[in-house]
Amino acid sequence: NKTVVTEFILLGFRNGPKLDSLLFLMFLSIYIVTITGNIFIIVLVVANRHLHTPMYFFLGNLACLEICYSSNILPRMLLSYLGGDRSISVNGYFTQYYFFGCLGVAECYLLTVMSYDRYLAVCKPLHYPSRMNGKLCLQLGAASWISGFLTNSILTFLISNLDFCGPNEIDHFFCDSFPMIKLSCSDSHVVGLVTSVVAGVCSLPPFLLTFSSYLYIIVTVMRILSATGRKKAFSTCSSHLIVVILFYWSILTVYVLPHHDTQISPNKVFSVFYTILTPLVNPLIYSLRNKEVKEALRK
């Protein structure tokens, strides 16, 4: 006679009622700036023909991904702070987790593709136009999106077959896999192992490839005799490097480091970086630090 769980309770940041209004205003402001900034990037890239290059094609894809990423998590948080109802149906939980995982994996691969684009531009400038052609750009962009959706379909299917008998409280602010697996009353060892392996495969290789690309870029830039030339070459990829460091630092901290019960709250804090802050800072970094974007804005 086991009770089947029909909904989960997302505890969030365990704040008191007095802080709900403050957090609602803060996250609403973040969401508005995130959506507005990324839409602005997309419109700017599409409207300005000088930005019709591989670099800005991938930047437009990243902006579109960040809009979907934020819209998958923040509206649900805002409703919980506005109405005080922190419950979510089981199907709703799986739906948010599915899109969260899909978009997260897609972002890992897309950032890797962008680092490869910068590697070719800086280290192989003579071969760049022929190698990074329109067909390859479309293939790399499509592969990033499709890989994310296919990969997380497997994990979502495995987790959805677990039994949940209670309790149903989850110490997190969005629908993630590990907090949910801990609540399962069935044998979740295999599912947890598969989830860890897939998370490692989808994050570590892209991180290593991205790191290798920037290592080659740094070596190439250091060989430039002119200080002005070095500064100009590295400035083309500095914005992407900042985004990559912020994103992977938080991802690896949450999903690669060993998990203990005492780490739930710190992991929840680190999760804020890649779920909320990274989509927010992307348009700010690319707008404020990129000369071509600022020039297109002036025109």
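Numbering of residues begins from 1 in every chain and follows the order in which that chain's sequence is written. Note on the predicted model: pLDDT of at least 70 is required for a residue's local features to be given, and 80 or more for side-chain atom pairs to be given and counted; whole-chain, interface and lining totals, by contrast, use all residues. The basis for every side-chain value is the complete set of non-hydrogen atoms in the structure, without hydrogens or water.

Identification of the protein as Olfactory receptor from Pygoscelis adeliae is taken from an unreviewed UniProt entry. UniProt positions are given in the numbering used here, feature names are shortened, and annotations may be inferred rather than shown by experiment. What UniProt states about the protein under its Subcellular location (unreviewed entry) heading is, verbatim, "Cell membrane". Quoted straight from UniProt, the Sequence similarities (unreviewed entry) entry for the protein says "Belongs to the G-protein coupled receptor 1 family."

Enquirer: Explain the overall build of the protein to me, please; I cannot follow it from the model alone.
Expert: Every helix listed is a DSSP run of H or I at least four residues long, and every strand listed is a run of E at least two residues long, numbered separately from the N terminus. Of regular secondary structure, the protein possesses 10 helices and three strands. Shown N-terminal to C-terminal, the secondary structure of the protein runs as helices and strands in the order β-α-α-β-α-α-α-β-α-α-α-α-α. In this scheme, a residue with accessible area under 20% of its type's maximum is buried, one over 50% is exposed, and one in between is partly exposed, where area comes from a 1.4 Å probe on protein chains only. Counting every position in the protein, which comprises 299 residues, the buried fraction comes to 49%. We call two residues in contact when some of their heavy atoms are within 4.5 Å. Long-range pairs, those at least 24 residues apart, make up 79% of the contacts in the protein with a sequence separation of at least 6. Per-residue and other accessible areas follow the Shrake-Rupley method at a 1.4 Å probe size, with only the shown protein chains counted as cover for residues. For the protein, the accessible surface area stands at approximately 15,000 Å², while carbon and sulfur atoms represent 69% of it.

Enquirer: Explanation requested: the nonpolar core in the structure shown.
Expert: Proteins that are soluble and globular tend to have nonpolar side chains buried together. Buried Ala, Val, Leu, Ile, Met, Phe, Trp, Tyr and Cys residues that are joined via side-chain atoms within 4.5 Å together make up what is termed a nonpolar core. Counting residues in hydrophobic clusters, the biggest one holds 82 residues, and the most contacted among them are Phe8, Phe27 and Tyr274. For this core, the element with the highest residue contribution is helix H3 (residues 90–123), accounting for 17 residues. The contacts of Phe8, once residues within four sequence positions are left out, are Arg86, Ser87, Ile88, Val90, Tyr93, Phe164, Asn168, Ile170, Met180 and Leu183.

Enquirer: Even after reading the chapter, I still don't get the environment of Phe178, so can you show me in this structure?
Expert: Along the polypeptide, Phe178 turns up in helix H6 (residues 177–182). For Phe178, a relative accessible area of 14% puts it in the buried group. Counting along the chain gives 17 residues from Phe178 to Thr195, while the straight-line C-alpha distance between them is 8.3 Å.

Enquirer: Would you explain a nonpolar patch on the surface in this entry?
Expert: Exposure above 30% relative accessible area and the lack of any salt bridge qualify a residue for a patch; like charges then connect within 9 Å, and the nonpolar side chains Val, Leu, Ile, Met, Phe, Trp and Tyr within 5 Å. One speaks of a salt bridge when a side-chain nitrogen belonging to Lys or Arg is within 4 Å of a carboxyl oxygen belonging to Asp or Glu. Taken together, the side chains of Leu193, Val197 and Val201 make up a nonpolar region of the molecular surface, amounting to roughly 260 Å² of accessible area. Within the fold, Val201 resides in helix H7 (residues 189–222). Classification of Val201 by relative accessible area gives partly exposed; the value is 46%.

Enquirer: How should I be thinking about the packing of aromatic side chains in this particular structure?
Expert: The geometry of an aromatic ring pair is captured by the separation of the ring centres together with the interplanar angle, meaning the angle of the planes. Stacked, tilted and edge-to-face are the three classes assigned to paired rings of Phe, Tyr and Trp, where Trp is represented by its six-membered ring and a pair needs centres within 6.5 Å; plane angles under 30 degrees give stacked, over 60 edge-to-face, the rest tilted. Tallied over the entire structure, the rule returns 18 aromatic pairs. Considering the side-chain rings of Trp249 and Phe273, the 5.1 Å spacing of their centres and the 75° angle between planes classify their relative orientation as edge-to-face. Of this pair, Trp249 sits in helix H8 (residues 227–255) while Phe273 sits in helix H9 (residues 264–289), and the two are 24 residues apart along the sequence. Each residue in the set Tyr69, Phe100, Phe173, Phe174 and Tyr274 is aromatic and connected to the rest through ring pairs, giving one cluster.

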